[in-house]
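What follows is each chain in one-letter form.
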Amino acid sequence: MKFSESQVLAAYSAGRTVLKRNHEGYLETLIRPRIENSIGRREGQAYLLRRWLLQNRHHALVPEAASLLNGIEHVISQGAKSSRPFEAGTVWAPVTAVLSQVHCSEETEQRIRRLIENAFTSSLENLSGAEIDIFDHCRSAVENHPDHRDNIRGAKLFDTVLLWTVRFLKNRLEMTRKDDASVAYLFENAGGTLPYEGALQEDYFRWISTQTAAGEIEATNLGGGRADVALKTTGERIVIEVKREMQNASFDAIVKSYAGQTTEYQNVSIRLGFLLVLDLTEARRTGAPHIRSLVECRQVTRAGEDEPRYVVMVKVPGRRYSPSAVRAVDSIDA
């Protein structure tokens, strides 16, 4: 947020620096209300100022910025009571912030912002209670870790991957081969052959590539001894390790077998990662497990390190049968 640091905040602090006062000077008294009202009417700019404060906690202009933000938030809260609730809301502030940097007209900004709001709301309005429960479980586990709490870019990247990975799992649990032939690898094969993890990797890569445009996405080690997907954005990276399991797919066993390799990818960026496991341990004649039992976030503490690392483990059930072929479970009388 260069303009806020070099221009707006400099002008705002001029009353103290030019007039050599410890309290509000005349120049500041004139400038401050204009700045507050101008930014208060454009929530995206206020959002950028909040981000600047989080990323520059030791900057000399922090006291002025914090004081200015207090006034801006008052303007915004007053705007929430006005007849323009959309502009006063904070949910779409990041969208507004991005559009404000494109230097488009206010009319264009309003139009595109509403387009994005409608599209994104439509995409996520069918979130189930189980999905929300998973989001809450995983995010609450990592939100106090410094790589999430103190790193805006790291938090954004982790949250993005969490959202679309859980949505991927939900979608694949509902899909059948008749819906989409590309998910055939998730179903029992009449010939008895089992798919490799590359099938899950390729499927997941296609999904995540179409759902998010966050930075650079690449599928690595295709056809090699391991498979993973890496997302990179603004200097941070997160890796989704992909494995298949044919013996023991309990979370304890998964941690023991694969957590070391998964956390090894966390040496140069945020210490948060994902592990997708294609569960091929049994033919699922009685159906697939519930989605809530398929995701867990685990802490991994390495010897000699003060801060733990985290792995979100997601089990994708394989060797499934079509709903019509699933056997009924014997009922138990109460």
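Look up a bit, the structure's there.
Residues numbered from 1 in each chain as written. Predicted model: local features only at pLDDT ≥ 70, side-chain atom pairs only at ≥ 80, totals over all residues. Heavy atoms only, no water.

Visitor: Mind laying out the overall build of the protein, listing which residues take part and the relevant values?
Guide: Helix and strand counts for the protein come out as 13 helices and six strands. A buried classification covers 43% of the 334 residues belonging to the protein. Of all intrachain contacts in the protein linking residues separated by at least 6 positions in sequence, the fraction that spans at least 24 positions is 67%. Split by element, the accessible area of the protein, about 17800 Å² in all, is 51% carbon and sulfur. (Helix = DSSP H or I, 4+ residues; strand = E, 2+ residues; numbered from the N terminus. Buried < 20%, exposed > 50% of the residue type's maximum accessible area, 1.4 Å probe, protein only. Contact = heavy atoms within 4.5 Å. Areas by Shrake-Rupley, 256 points an atom, 1.4 Å probe, with all protein chains shown as cover.)

Visitor: With reference to specific residues and values, describe the packing of helix α11 (residues 152–174) against helix α12 (residues 197–211).
Guide: How two helices pack is summed up by the angle between their axes together with the distance between the axes. Viewed as axis vectors pointing N to C, α11 and α12 meet at an angle of 120 degrees, and their least axial separation amounts to 10 Å. The angle between the axes of α11 and α12 places the two elements in the oblique class. Considering only the axes of α11 and α12, their crossing is right-handed. In contact with Val-161, Trp-164, Thr-165, Arg-167, Phe-168, Asn-171 and Arg-172 of α11, α12 contributes Leu-200, Asp-203, Tyr-204, Trp-207, Ile-208 and Gln-211. Looking at the contact of α11 with α12 residue by residue, the class counts come to seven nonpolar, three polar and three charged. (Axes fitted to C-alpha atoms, helices over the stretch in contact; angles between N-to-C directions. Parallel < 35°, antiparallel > 145°, perpendicular 65-115°, else oblique. Left-handed = near helix turned anticlockwise from the far one by under 90°. Nonpolar A, V, L, I, M, F, W, Y, C, P; charged D, E, K, R; others polar.)

Visitor: Requested: an account of α12, with residues and values cited.
Guide: Over its 15 residues, α12 runs 21 Å from end to end, which matches the ideal 21 Å to within 8%, given 1.5 Å per residue. Those residues of α12 that fall on the buried side of the exposure criterion are Glu-197, Leu-200, Gln-201, Asp-203, Tyr-204, Trp-207 and Ile-208. (Expected span 1.5 Å × (residues − 1).)

Visitor: Describe helix α9 (residues 129–142), with residues and values.
Guide: Helix length check: α9, at 14 residues, gives a terminal C-alpha distance of 20 Å against a target of 20 Å (1.5 Å per residue), a fit within 8%. Residues of α9 that are buried include every one of Ala-130, Glu-131, Ile-134, Phe-135, Cys-138 and Val-142, and no others. Projected down its long axis, α9 carries its buried residues within an arc of 140 degrees, all on one side. Turned more than 90 degrees away from the buried face of α9 sit Gly-129 and Asp-136, all of them exposed. Of the surrounding secondary structure, the elements contacted by the buried residues of α9 are α10 (146–149), α11, β4 (272–279), β5 (295–300) and β6 (309–317). (Arc of directions from axis to C-beta.)

Visitor: Any chance you could break down the packing of aromatic side chains for me, citing the residues and the numbers?
Guide: Counting across every chain of the model gives three aromatic pairs. Considering the side-chain rings of Phe-158 and Phe-274, the 5.3 Å spacing of their centres and the 35 degrees angle between planes classify their relative orientation as tilted. Here the residue Phe-158 occupies a position in helix α11, and Phe-274 occupies one in strand β4, the gap between them amounting to 116 residues. Each of the two residues, Phe-158 as well as Phe-274, counts as buried. Aromatic rings pair up to connect Phe-168, Tyr-204 and Trp-207 into one cluster. (Phe/Tyr/Trp six-rings, centres within 6.5 Å; stacked < 30°, edge-to-face > 60°.)

Visitor: Tell me about the pattern of salt bridges, and please be specific about residues and values.
Guide: For the structure on display, the rule yields 19 salt bridges. One salt bridge in this structure joins Glu-107 and Arg-111, with 2.9 Å as the shortest N-O distance. With Glu-107 and Arg-111 both in helix α8 (residues 106–124) and four residues apart, this pair spans about one turn of that helix. (Salt bridge = Lys/Arg side-chain N within 4 Å of Asp/Glu carboxyl O.)

Visitor: Run through the packing of α8 against α11, naming residues and quoting values.
Guide: Where α8 meets α11, the closest approach of the two axes is 12 Å, and the angle between their N-to-C directions is 50 degrees. Between α8 and α11, the angle is such that the two are oblique. Together, Phe-120, Ser-123 and Leu-124 of α8 and Leu-163, Trp-164 and Arg-167 of α11 make up the contact between the two elements.

Visitor: Give a description of the pairing of strand β3 (residues 236–245) that names residues and reports values.
Guide: With nine of ten residues buried, β3 lies mostly within the body of the structure. Remark: the β3/helix α13 (residues 251–264)/β4 crossover connection has right-handed handedness. (Right-handed = clockwise from strand over helix to strand, strands pointing away.)

Visitor: An account of unusual backbone geometry is requested, with residue identities and associated values reported.
Guide: You will see that Thr-234, though not glycine, has its phi angle at about 40 degrees, which is positive. Within the secondary structure, Thr-234 sits in the loop between β2 (227–233) and β3. Positioned with a positive phi, Arg-319 is a non-glycine residue whose angle comes to about 55 degrees. With respect to the secondary-structure elements, Arg-319 resides in the segment after β6.

Visitor: Explain the nonpolar core residue by residue, including any values.
Guide: Among the nonpolar cores identified, the biggest contains 43 residues, and Leu-231 and Val-312 are the most heavily contacted of them. Those elements that place two or more of their residues in this core are α9, α11, α12, β2, β3, β4, β5 and β6. The element that contributes the greatest number of residues to this core is α11, accounting for nine residues. (Core = buried A, V, L, I, M, F, W, Y, C linked by side-chain atoms within 4.5 Å.)

Visitor: Kindly report on the environment of Arg-167, identifying the contributing residues and their values.
Guide: Tracing the backbone shows Arg-167 in helix α11. Residues Arg-167 and Gln-211, spaced 44 residues apart in sequence, show a C-alpha to C-alpha distance of 9.8 Å. Once residues within four sequence positions are removed from consideration, Arg-167 is found in contact with Ser-123, Leu-124, Asn-126, Leu-127, Glu-131 and Trp-207.

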